[in-house]
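Inside the fold
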Amino acid sequence: MSTSLAAVMRAFDDGRDRSELYRGWRAGLNAGLTHPAILSKMTLRPGITQAAQAHLLVGTRAGKDIATLVRERPQLFEPFESALLRMGEESGQLEQMLTQLADFHQRQHKLILKVKQWLSYPMFVSLVAVLILPIPLIFQGRMAAYWTATIVGLLGWTTLGGAMLARLAQRYQRRPAFVRARFARTLALCIGAGLPLGRSALLAADASGDPALAQQLRRLGERGLTSRPLSETLAGSVVMTPEFQAGLLVAEQTGDFASSIGRLAELYEDGFR
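In short, a report on the structure. Since the model is a prediction, treat every value here as computed from it, not as a measurement. (Residues numbered from 1 in each chain as written. Predicted model: local features only at pLDDT ≥ 70, side-chain atom pairs only at ≥ 80, totals over all residues. Heavy atoms only, no water.)

As a further point, take the pattern of salt bridges. Close approach of charged atoms lets side chains of opposite charge pair. Scanning all chains against the criterion turns up nine salt bridges. The partner of Arg18 in a salt bridge is Glu81, and the shortest N-O contact between them spans 3.6 Å. Pair noted here: Arg18 is in helix H2 (residues 14–30) and Glu81 is in helix H6 (residues 79–91), with a separation of 63 residues, a long-range link. Pair check on accessibility: Arg18 and Glu81 agree, each one buried. Connected through salt bridges with shared partners, the residues Arg16, Asp17, Glu20 and Arg45 form a single ionic network. (Salt bridge = Lys/Arg side-chain N within 4 Å of Asp/Glu carboxyl O. Helix = DSSP H or I, 4+ residues; strand = E, 2+ residues; numbered from the N terminus. Buried < 20%, exposed > 50% of the residue type's maximum accessible area, 1.4 Å probe, protein only.)

Here the focus is the packing of aromatic side chains. For the coordinates displayed, the defined rule picks out four aromatic pairs. Where Tyr146 meets Trp147, the ring centres are 5.2 Å apart and the plane angle is 70°; that geometry is what we call edge-to-face. Judged by relative accessible area, which is 48%, Trp147 ranks as partly exposed. (Phe/Tyr/Trp six-rings, centres within 6.5 Å; stacked < 30°, edge-to-face > 60°.)

Take the packing of H2 against helix H4 (residues 48–61) next. Interhelical geometry of H2 versus H4 gives an angle of 30° and a closest axis separation of 8 Å. It follows that H2 is roughly parallel to H4 by the angle criterion. Two secondary-structure elements touch here, H2 through Asp14, Asp17, Arg18, Leu21 and Trp25 and H4 through Ile48, Thr49, Ala52, Gln53 and Leu56. Broken down by class, the residue content of the contact of H2 with H4 amounts to five nonpolar, two polar and three charged. (Axes fitted to C-alpha atoms, helices over the stretch in contact; angles between N-to-C directions. Parallel < 35°, antiparallel > 145°, perpendicular 65-115°, else oblique. Contact = heavy atoms within 4.5 Å. Nonpolar A, V, L, I, M, F, W, Y, C, P; charged D, E, K, R; others polar.)

The following block contains the structure:
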């Protein structure tokens, strides 16, 4: 995947594009259209979502089912997306899954906007540095050297700046508040869709963006995650704050994750820490 500045900025908007894809797909199914007819009429911005649309379009035109297509190109879909799309098709509830996925990605894009806002300052400072640092060359009467240094600096800023931006974004998104928001949202979504608790917890850990949490749950596996309460398994992890523990205990006792963990996800996405 390209790490140019333009490519990274496009990647930040993938949540918005993904929400448009799923919302339009759902609307087409509700109108009685076929998968190829729906996907062929969508116009998306270049990026991973457009690649996913193209893959789905070619595959459905060839008569392949959705489950086969998401397995063929797993890099185009998040693990929880693949699971929900397969489950939706197999259970006849694809429209419902598409609606939930569209809402999920719309909320995730809202979080990404906060990341972009935080990144704007360091990127602005680095751009100003590229323009200002060569200024002494002007006072030395070396205008050609100044323009050469500035142009080279700008080229480096636009090409290599993407890698720096991606690292800063990844660091910011691994803050506990963002990890909790993504974990809670994905957990509530997967369980609400009917996936088993163990599978839902693994998918939520993958979606959280926290490697340590994902590794911790993968070591246990689905069977290990269902052998004891999830509230015990997550004890000491980055997501286990007092309010999350309380919400999880309520969900485990009532079986209603949407009203507890789902509500917490909304609070986290709105900035609650």
